[in-house]
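What follows is the residue order along each chain.
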Amino acid sequence: MRYSMVRDGCNNAGGVSVYVRSSMSAGCKLIRRHDLGGGEVVWLRLTAGDTSTPPLLLGAFYLAPEGSIFHQGAGAERRTHSQIATDLFAAIQAELASIRTGDEEVLLAGDFNARLSSRREETDSRGRKVWKGLSDVAECNLGDELLDFLELPGLVRTAARFPEVRQCEDSSTNNFGVALAALCREEGMGIINGRVSGDTTGQLTFPLEGGGGSTIDLYVCSSGLLSKCHSMQVWGALYTDRGRRITDHKPVTLVLSPCSFGGSRGQQDRRPRREKVEFNKKMVDCYEGMFAEGTQARLALDALERELTDESSNISTTQAVERLSNLLRKCMLKAWKKAGPGAK
């Protein structure tokens, strides 16, 4: 089986490269390699001969640890680890936005040096159910019937495809993990590690000799691709013929089902589309009325506005967007129940 190496014409100092099977090389296009300062990414687009199959946008990453001097840059003002993470993943998100065409699935893979721990539901001392760990899934519980009526792809469908629970043997988090989780929520993507067959526990990918380690070699995908992830495997250490260990990371492989690329688009996930969007004035009027002066929703919006303009407030942009999204979602569901199709 022959492979060709994809590597933008740069120096031989190492970095990220992608090997593509020769039988797929005709449909593989190198978009660009991007130097991220403290890391790099190689972007590829894979297309199949079948025009009904969505392209696959692949980003192969390496990010140096958040404490690395490579993130500071020569002569730059010294930044905190949190600032480094925010700036780096904002650059990655902007890069992704500039490359995406909107008709493809997305797969990001590599050593992100991002630690996210598990995402699980626990019972607190008062017997209440609470979520623990970083969430990489956009909070949305819209029903399938409402999704079909509104015909909204991407973020709103994420909750239906990504389970909230995500297992991980790494119990720690870091700034890169927080930033990566935020990127996933905003882009309608999610972590595959700990969610698919073969790696249901989120195995350690960077083990330490004395025990413990971290899960930092990750696969991240768009919501439509998760159902096509057949299996993942974290392998043992690799050695040369002379017994020398090749890398201190464990190799991690992801197998996609045939229908995800080079086959059909996956009829089981395709929902019938309305040829004509019907305007429901009653539902719009009901939704608009929920934001009238003095209503609960209007008071909540006013409170959020005051908090954002208060210089002493610690609310972040991400927190504000999530609170606003949750409020609008609740109002939309109320309007749907009162005046949507089938309402009495």
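Each remark here, short or long, concerns the structure printed above.
To start, this report covers the structure provided alongside it. (Residues numbered from 1 in each chain as written. Predicted model: local features only at pLDDT ≥ 70, side-chain atom pairs only at ≥ 80, totals over all residues. Heavy atoms only, no water.)

Attention now goes to the side chain of S222. Looking at the secondary structure, you find S222 in strand β12 (residues 217-222). The class for S222 is buried, based on a relative accessible area of 5%. Polar contacts involving the side chain of S222 include one to the main-chain amide nitrogen of V106, which spans 2.9 Å. Look past the residues within four positions of S222 in its chain and what remains in contact with it is E105, V106, F162, G188 and M189. (Helix = DSSP H or I, 4+ residues; strand = E, 2+ residues; numbered from the N terminus. Buried < 20%, exposed > 50% of the residue type's maximum accessible area, 1.4 Å probe, protein only. Polar contact = N/O pair within 3.5 Å; in protein donor to acceptor, adjacent residues only side chain to side chain. Contact = heavy atoms within 4.5 Å.)

On to the packing of helix α7 (residues 296-309) against helix α8 (residues 317-339), then. The geometry of α7 relative to α8 is characterised by a closest axis approach of 11 Å and an angle of 175° between their N-to-C directions. In terms of orientation, α7 and α8 fall into the roughly antiparallel class. Taking contact as the criterion, the partners of A297, A300, L301, L304, E307 and L308 in α7 are, on α8, A320, R323, L324, L327 and C331. Partitioning the contact of α7 with α8 into residue classes produces nine nonpolar, no polar and two charged. (Axes fitted to C-alpha atoms, helices over the stretch in contact; angles between N-to-C directions. Parallel < 35°, antiparallel > 145°, perpendicular 65-115°, else oblique. Nonpolar A, V, L, I, M, F, W, Y, C, P; charged D, E, K, R; others polar.)

Throughout the structure, instances matching the rule amount to zero disulfides. Summary of cysteine pairing: C184 is not part of a disulfide, and the nearest cysteine sulfur, belonging to C221, is at 8.9 Å. Given a relative accessible area of 0%, C184 falls into the buried group. Here C286 is not cross-linked by a disulfide; its sulfur's nearest cysteine counterpart is in C331, at 9.6 Å. Its relative accessible area of 19% is what places C286 among the buried residues. (Disulfide = S-S within 2.5 Å.)

Moving on, we get to the pairing of β12. Of all six residues in β12, six are buried, a share of seventy percent or more. Alternating residues of β12 divide into D217, Y219 and C221 and L218, V220 and S222, and every residue in both groups is buried. For strand β6 (residues 105-111) and β12, the ladder comprises five bridges, and the chain directions are antiparallel. Considered in β12, the bridge of G110 is made with L218. As judged from the three bridges shared by strand β9 (residues 189-191) and β12, these two strands associate in the antiparallel manner. Directly across from G190, in β12, lies its bridge partner C221. (Pairing = 2+ DSSP bridges.)

Given a rise of 1.5 Å per residue, 23 residues ought to cover 33 Å, and the 32 Å separating the end C-alpha atoms of α8 matches this to within 8%. Buried residues of α8: A320, N326, L327, R329, C331, L333, A335, W336 and A339, and no others. (Expected span 1.5 Å × (residues − 1).)

Evaluated as defined, the whole model comprises four aromatic pairs. Between W43 and F61, the aromatic rings sit 5.7 Å apart at their centres with planes inclined by 80°, giving edge-to-face as the arrangement. Of this pair, W43 sits in strand β4 (residues 39-46) while F61 sits in strand β5 (residues 56-63), and the two are 18 residues apart along the sequence. Since its relative accessible area comes to 1%, W43 is described here as buried. The interplanar angle of 75° and the centroid separation of 5.7 Å between the aromatic rings of F89 and F176 together place this pair among those described as edge-to-face. (Phe/Tyr/Trp six-rings, centres within 6.5 Å; stacked < 30°, edge-to-face > 60°.)

Overall, the coordinates contain 14 salt bridges when judged by the stated rule. Here R298 makes a salt bridge to E293, at a shortest N to O gap of 3.4 Å. Judged by relative accessible area, which is 28%, R298 ranks as partly exposed. The residue D302 makes a salt bridge to R298 at a minimum N-O spacing of 3.5 Å. Placement of the pair is D302 and R298 together in helix α7, with a separation of four residues, close to one helical turn. Ionic contacts of the salt-bridge type, sharing partners, join the residues D136, R166 and R195 into one network. (Salt bridge = Lys/Arg side-chain N within 4 Å of Asp/Glu carboxyl O.)

Judged by nonpolar contacts, the single largest core of 29 residues is most densely connected at F61, L63, F89 and L180. Elements that contribute at least two residues to this core include exactly β4, β5, α1 (81-99), β6, α4 (175-187), β9 and β12. In terms of residues, this core owes the most to one element, α1, which gives seven residues. Not counting the four nearest positions on each side in its chain, F89 is found in contact with L63, F176, A179, L180 and L183. Counting residues in each nonpolar core, the second largest holds 25 residues, with V18, F162, M232 and V234 among its members. (Core = buried A, V, L, I, M, F, W, Y, C linked by side-chain atoms within 4.5 Å.)

So yeah, pure geometry; function would need other evidence.
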